[in-house]
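Take a look at the letters that make up each chain.
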Amino acid sequence: MTKQRYFFTVLILGSLTALGPFSIDMYLPGFPAIAKSFHTTTSQVSLSLSSFFVGIAIGQLLYGPLLDRFGRKKPLYAGLAVYIITSIGCYFSTSIEMLILLRFIQAIGSCAAGVASMAMVRDIFPVEDNAKIFAFLILILGASPMIAPTVGGYVTAAWDWHLIFVILTGLAVLILLAVIFGLPESYKPDPTYSLKPKPIINNFFLVFKEPQFYTYALAGSFAFAGLFVYVAGSPLVFMEVFKVSAKTYGWIFAGLSIGFIGSSQVNNLLMRRFKSEQIVFVALTVQLIITIIFIIGAFNNWFGLASTIVMIFGLLCCVGTISPNSSALCLAPFSKSAGTASALMGALQLGIGALASFSVSFFDSRSAAPMAGIMAGSTIVAFIILFIGRKKIVAPVEAVGGVVAGH
C-alpha cells in the first residue's frame, strides 16, 4: 500500500468511525430548542440520545455476523442507506416519541459504519499497527466533538434544530460515496458462515470466553461509560445549571474534546516505553481518583463552571488514553472472527454506555452531582473488573513499544 493510499484508507475509516459521534454531538446544543418545540423537558429529550445508544448496541450484534458472512462493504451500504432515510425522517418528526424511535433506527444504520471500520483495521493493517491506527482513528473521531456541537450551536441559534438532520444526511451521502469509490473490499465473503441464531450465539460466546477479550472489553466499556454520561448530562449541566448559551456550550464541548483527542495521541508516545496493559491500568487508576474527587465536590457544591470543566477534562484525558489500548487488546487475539469480536466489543461498550446515559434522564437535578455520581460508579466497576480479570489472562497478546505480539 502506497503512503497516499494508506492515508486515504485511514481517512475514510476515520469518517466511518466519526459518523456515530457526529450524530450524537451535533444536536446536543439543540436540546432546549427541541424540548420547547415538542413541549417537553430537556430530560425527556435526552431519551432520544439514550435510544440512539441502545440502537447502536443492538446494531453491533446484527452487523458483526453480516460483515463476516457477506464481506465488509455490502452490509455497510445497507447501514448507510438506513441512516440516510431515518435522518430525513428525524427532520420531519412531529413529536418527541417519533424522534426517539427514529433515532433508535438511525443508530442501527450508523453502527454499520463503526463496526465495519474497526473490522477493516484488523483486515487491512498488520496487527502490530492496530493500536496506532486506532489512536489515529480516535484523532479523526475526536474532531467530531470539536466541530459538531459548535456547528450545531450556531445552526440552532441562527435557524432551527431541524436543519441539523439535513446536515447529517448530507454527510452520510458523502461518506457513502467515499466508501463506494475509495475503499477496497477487505474481507472475502464467507458462505460457510452461518447466520442461524445458534451458530451466531456460539461465535459470540467463543469470542467472549477469551479472558483477554472480556477483561479489556468490560473494563474499557465501563471506563468509556463516563464519556457517555458526560455527553448525555452536559446539556443539562452547562445550559440549565450554569446557564450558558447554546453557542457557548458548543465551544465548551469542543474545548473539552481536546483532552480526549490529545491523550489518545500522547498514547503513541507512551507505547514506545510501556505496554498497553500498563497504560490501561495507570490511566484507569487516575480516572478513579478524578471521579471520586468530582463526586465529593459536586455533592458538596464545591465546583463552579470552571472547576467542573477541569474535572471533566481530566476524565476525558483518561478515557482517551484507555480506549485505543483496550480496543487493541480486545481484538488482537482474533483474525478470522474480527468482525464478530469488533461487534461484540462495540455492543458491550455502547450497551453499557447507553444504560449509563439513560440513568441521567432520571435526574432533573440542578447540580452536576448525578452526572458525577454515575461517572464515579462506572469507573469503580471498571477498576474492579480490570483488577480481577488481569489475573485470569494466562497468555496475553501484549503491546510493547507499540508492537502487538501474538500468542
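These numbers were taken from a predicted model, which means no experiment stands behind them. (Residues numbered from 1 in each chain as written. Predicted model: local features only at pLDDT ≥ 70, side-chain atom pairs only at ≥ 80, totals over all residues. Heavy atoms only, no water.)

Broken down by element type, the protein chain carries 14 helices and 2 strands. Residues counted as buried form 58% of the 407 residues belonging to the protein chain. Within the protein chain, contacts between residues at least 6 apart in sequence are counted, and of these 84% link residues at least 24 apart. Carbon together with sulfur atoms contributes 72% to the accessible area of the protein chain, which is approximately 16000 Å² in total. (Helix = DSSP H or I, 4+ residues; strand = E, 2+ residues; numbered from the N terminus. Buried < 20%, exposed > 50% of the residue type's maximum accessible area, 1.4 Å probe, protein only. Contact = heavy atoms within 4.5 Å. Areas by Shrake-Rupley, 256 points an atom, 1.4 Å probe, with all protein chains shown as cover.)

With that out of the way, let us pick up the packing of helix α3 (residues 42-70) against helix α4 (residues 73-91). Between α3 and α4, the least distance of the axes is 7 Å, while the angle of their chain directions is 135 degrees. Regarding the angle of α3 to α4, the classification is oblique. For the pair α3 and α4, the contacting residues are Tyr 63, Leu 66, Leu 67 and Phe 70 in the first and Lys 74, Pro 75 and Gly 79 in the second. Across the contact of α3 with α4, the residue classes break down as 5 nonpolar, 1 polar and 1 charged. (Axes fitted to C-alpha atoms, helices over the stretch in contact; angles between N-to-C directions. Parallel < 35°, antiparallel > 145°, perpendicular 65-115°, else oblique. Nonpolar A, V, L, I, M, F, W, Y, C, P; charged D, E, K, R; others polar.)

If you check helix α9 (residues 211-241), its first and last C-alpha atoms are 43 Å apart, about what 31 residues at 1.5 Å a residue would give, namely 45 Å. By the largest-angle criterion, Gly 233 marks the main kink of α9, which is about 50 degrees, and a proline, Pro 235, follows within four residues. In terms of burial, α9 is largely enclosed, as 27 of its 31 residues are buried. One or two residues past the end of α9 sits Lys 243, with phi positive at roughly 60 degrees. (Expected span 1.5 Å × (residues − 1). Bend = angle between axes of the 7 residues up to and from the residue.)

What follows is about the confidence of the model for the protein chain. Low-confidence regions, as indicated by low pLDDT, have predicted coordinates that should not be scrutinised in detail. Mean pLDDT over the protein chain works out to 79, with 85% of the residues at or above the 70 mark. Across the protein chain, α4 holds the top mean pLDDT of 89, while strand β2 (residues 403-405) sits lowest at 35. Long-range and interchain partners of residues 399-407, a stretch whose pLDDT sits below 50, account for 28 contacts in this model, where long-range means more than four residues apart. (pLDDT = per-residue confidence, 0-100.)

Another aspect to go through is the packing of aromatic side chains. If you walk through the whole model with that rule in mind, you get 11 aromatic pairs. Residues Tyr 27 and Phe 31 carry aromatic rings whose centres are separated by 5.1 Å and whose planes lie at 75 degrees to one another, so their mutual orientation is edge-to-face. Phe 31 carries the same exposure label as Tyr 27, and that label is buried. Counting every residue linked through ring pairs, the aromatic cluster contains Tyr 27, Phe 31, Phe 38, Trp 161 and Phe 165. A cation over an aromatic ring shows up here: Arg 103 above the ring of Tyr 27, its NZ or CZ 4.1 Å from the ring centre. Against the face of Phe 281 rests Arg 390, its NZ or CZ located 4.6 Å from the ring centre. (Phe/Tyr/Trp six-rings, centres within 6.5 Å; stacked < 30°, edge-to-face > 60°. Lys NZ or Arg CZ within 6 Å of the ring centre and 35° of its normal.)

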